[in-house]
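Listed below, chain by chain, are the residues.
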Amino acid sequence: MACVNMDPDVARRLFEEGATLVLLGVPQGTELGIDCKSWQVGPRFRGVKMIPPGLHFLHYCSVNSPSCGGEIGPKTGLFLTLKPREILLASWDRKEEDLDFSASEDEEELNRIRGTLQELDPFLGPYPYEVMRKWVSLTDHINEELATNLQPLTGRICAFSDVIPELQFRHTKDRAEQPRNDTTCQSMREGLDRLPKMKQREGTELRFSVIPKKTYPPGATPAEITKCSMDLSYALETVLEKKYENQPLNLLGELQFAFVCFLIGNVYEGFEHWKCLLALLCRSEEAMRRRKELYLGLITVLYHQLGEVPPDFFVDIVSQNNFLTSTLQDFFQFVTGPGMDGTLCKKAEKFKVHLTKKFRWDFDADLDDCAPVVVELPDSVTVD
């Protein structure tokens, strides 16, 4: 770990107030990082010191020895909230290829480590303070409670889902009811149908908000269904009421959490949820009129997030459509409409100019104003 030139006052403050992660037994060659920076662990590594108090994301990948091919395993990560001068102690579990933090609950062992910190100091790498500003800009709406509520119950965020068969096939009868695999498949569909149906192992799922599939209230008329399909405010308010009624800005924290899971944790599910949340927020016209602070915050969050990805990142490989430009085009159209707050309009316009200049995205291309919006009516609703 290389330490950049740091202001002496900052260095002294972090040395006195910073937290320490003591990570024992991490195999040489392991890829390990904190927040936006990662390294390959060397033979002398015993942890990280001078960590600014607050929320952090520790992440690591186990690596096979060169004699076994040197392959890098999938990334594992976890959010930690560290207090001033706190010491967290973990040991590498070779069998699980994971960090075991159970020693952090042993006060006697922590006191022993605290007493040997001076001897450990040469083996502790300093926190990469040069990424601190970027890290805070990507996570300033995430607090400890929110991170805990969104993380899997296992406390680990894994790049690859831990899946198990929906049916365990413990009995001969269960196996007999499954499609036979001793004949040649006649089609791709038949082959897929033969595969066992899988589900995520309980406790390993990210606990994101559920975005309602029906964007309209029960008993809605065809006209209301069409309106709620064009303006997703009803669906957005449903999400906010369910999880964030008293703290609506926590939805921005969830947006940031999903983005960090994808950007740093390599979790594709995080990217998919980020896209769904963003589409919901950007297509909720009525909510923009009522929730000025939420949308002022959204623009700031997006400004920092979009600084971390290349401009062609959002282009669909198959359709060549750019998810982000079409989503933001709707947002800019709504936010500059009648009845919107002047401050929000001005900030949105500045953001639009910034994106056009930086990414050369065209938000003023012809909108399909006349294209019909196809909506799915409930079975009980008929149109005369």
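What counts, and at which threshold
- Residues numbered from 1 in each chain as written.
- Predicted model: local features only at pLDDT ≥ 70, side-chain atom pairs only at ≥ 80, totals over all residues.
- Heavy atoms only, no water.
- UniProt positions renumbered as here; feature names shortened; annotations may be inferred.
- Helix = DSSP H or I, 4+ residues; strand = E, 2+ residues; numbered from the N terminus.
- Areas by Shrake-Rupley, 256 points an atom, 1.4 Å probe, with all protein chains shown as cover.
- Pairing = 2+ DSSP bridges.
- Contact = heavy atoms within 4.5 Å.
- Axes fitted to C-alpha atoms, helices over the stretch in contact; angles between N-to-C directions.
- Phe/Tyr/Trp six-rings, centres within 6.5 Å; stacked < 30°, edge-to-face > 60°.
- Buried < 20%, exposed > 50% of the residue type's maximum accessible area, 1.4 Å probe, protein only.
- Salt bridge = Lys/Arg side-chain N within 4 Å of Asp/Glu carboxyl O.
- Expected span 1.5 Å × (residues − 1).
- Arc of directions from axis to C-beta.
- Left-handed = near helix turned anticlockwise from the far one by under 90°.

Where an unreviewed UniProt entry is consulted, the protein appears under the name Protein AAR2 homolog, with the organism given as Kryptolebias marmoratus. Within the UniProt record for the protein, the comment given under Function (unreviewed entry) is "Component of the U5 snRNP complex that is required for spliceosome assembly and for pre-mRNA splicing." Within the UniProt record for the protein, the comment given under Subunit (unreviewed entry) is "Interacts with PRPF8 (via RNase H homology domain). Component of a U5 snRNP complex that contains PRPF8."

**Student:** Describe in detail the overall build of the protein, supporting the description with residues and values.
**Tutor:** On a plain count of helices and strands, the protein comes out with 15 helices and twelve strands. A total of about 22,100 Å² of accessible surface is found on the protein, and carbon and sulfur atoms cover 51% of it.

**Student:** Any chance you could break down the sheet that holds strand 10 (residues 157-158) for me, citing the residues and the numbers?
**Tutor:** The strand order across the open sheet built from five strands is 3-2-5-6-10, with neighbouring strands paired in antiparallel fashion. Single-partner strands in this sheet number two, and they are strand 3 (37-40) and strand 10. Two strands pair when backbone bridges link them, and strand 5 (residues 54-61) and strand 6 (residues 76-82) are joined in this way by seven bridges, in the antiparallel orientation. Directly across from Y60, in strand 6, lies its bridge partner T76. The sheet contacts of helix 4 (residues 132-139) involve strand 5 and strand 6, and relative to strand 5 the element is tilted by about 105°.

**Student:** Tell me what's going on with the packing of aromatic side chains, and back it up with residues and numbers.
**Tutor:** Under the criterion given, the structure shown has 14 aromatic pairs. Ring centres of Y60 and W92 lie 5.9 Å apart, and the angle between their planes is 75°; this geometry places the pair in the edge-to-face category. Here Y60 is found in strand 5, whereas its partner W92 is found in strand 7 (residues 87-93), with 32 residues between them in sequence. For Y60, a relative accessible area of 1% corresponds to the buried category. Taking 5.5 Å as the distance between ring centres and 50° as the angle between the ring planes, the aromatic pair formed by F331 and F332 counts as tilted. Judged on exposure class, the residue F331 and its partner F332 are both buried. What links up through ring pairs into an aromatic cluster is the set Y295, F331, F332, F351, F359, W361 and F363.

**Student:** Please give an account of the sheet that holds strand 1 (residues 19-24) that cites residues and values.
**Tutor:** One open sheet holds the five strands; their spatial order is 8-7-1-4-9, and the pairing between them is mixed. The open sheet has two edge strands, strand 8 (98-100) and strand 9 (124-126), and neither has a second partner. Ignoring which end each strand starts from, the neighbouring axes of this sheet average 25° apart. As defined by bridge partners, strand 1 adjoins strand 4 (residues 47-51) across three bridges and the pair is classed as antiparallel. Residue pairing across strands places A19 opposite I51, the latter belonging to strand 4. Sheet strands touched by helix 2 (residues 107-115): strand 1 and strand 7. Its angle to strand 7, the strand with the most contacts, is close to 105°.

**Student:** Tell me about the pattern of salt bridges, residues and numbers included.
**Tutor:** For the structure on display, the rule yields 16 salt bridges. With its nearest N and O atoms 2.7 Å apart, the salt bridge here joins E109 to R112. Of the two residues, E109 and R112 are both situated in helix 2; the distance of three residues between them amounts to about one turn of the helix. On the accessibility criterion, R112 (44% relative accessible area) is partly exposed. Here E237 ties to R291 by a salt bridge, and the two come within 2.9 Å at their closest N and O atoms. Note that E237 is positioned in helix 9 (residues 233-243) and R291 in the loop between helix 12 (285-290) and helix 13 (292-305), a separation of 54 residues in sequence. The exposure class of E237 is buried, given its relative accessible area of 11%. Taking relative accessible area as the criterion, R291 reaches 24% and is therefore assigned partly exposed. Because the salt bridges share partners, they merge into one network encompassing E237, E285, E286, R289, R290 and R291.

**Student:** Before we move on, can you summarise the side chain of E285 with the specific residues and values?
**Tutor:** Within the element layout of this structure, E285 appears in helix 12. Each residue touching E285, except ones within four places of it in the same chain, is listed here: D231, S233, F334 and M340.

**Student:** Help me get a handle on helix 15 (residues 342-359), residues and values and all.
**Tutor:** Taking 1.5 Å per residue, 18 residues should reach 26 Å; helix 15 reaches 26 Å between its end C-alpha atoms and fits that length. Buried within helix 15 we find L344, C345, A348, F351, K352, L355 and F359. All buried residues of helix 15 fall inside an arc of 130° around its axis, so they share one side. Turned more than 90 degrees off the buried face of helix 15, the exposed positions are K346, K350, V353 and K357.

**Student:** For the packing of helix 14 (residues 323-335) against helix 15, give the residues involved together with the corresponding values.
**Tutor:** Their axes nearest at 10 Å, the elements helix 14 and helix 15 cross at an angle of 150°. Where helix 14 crosses over helix 15, the handedness of that crossing is left-handed. Note on element contacts: helix 15 touches helix 14 through L344, C345, A348, F351, K352 and L355, opposite L328, F331, F332 and V335.

**Student:** Account for unusual backbone geometry, with residues named and values stated.
**Tutor:** If you check the backbone angles, M50 has positive phi at about 55° while not being a glycine. Tracing the chain through its elements places M50 in strand 4. Phi is positive for N266, close to 60°, though the residue is something other than glycine. By secondary structure assignment, the location of N266 is in the loop between helix 10 (250-263) and helix 11 (268-282). Here N266 falls in the partly exposed class, since its relative accessible area comes to 42%.

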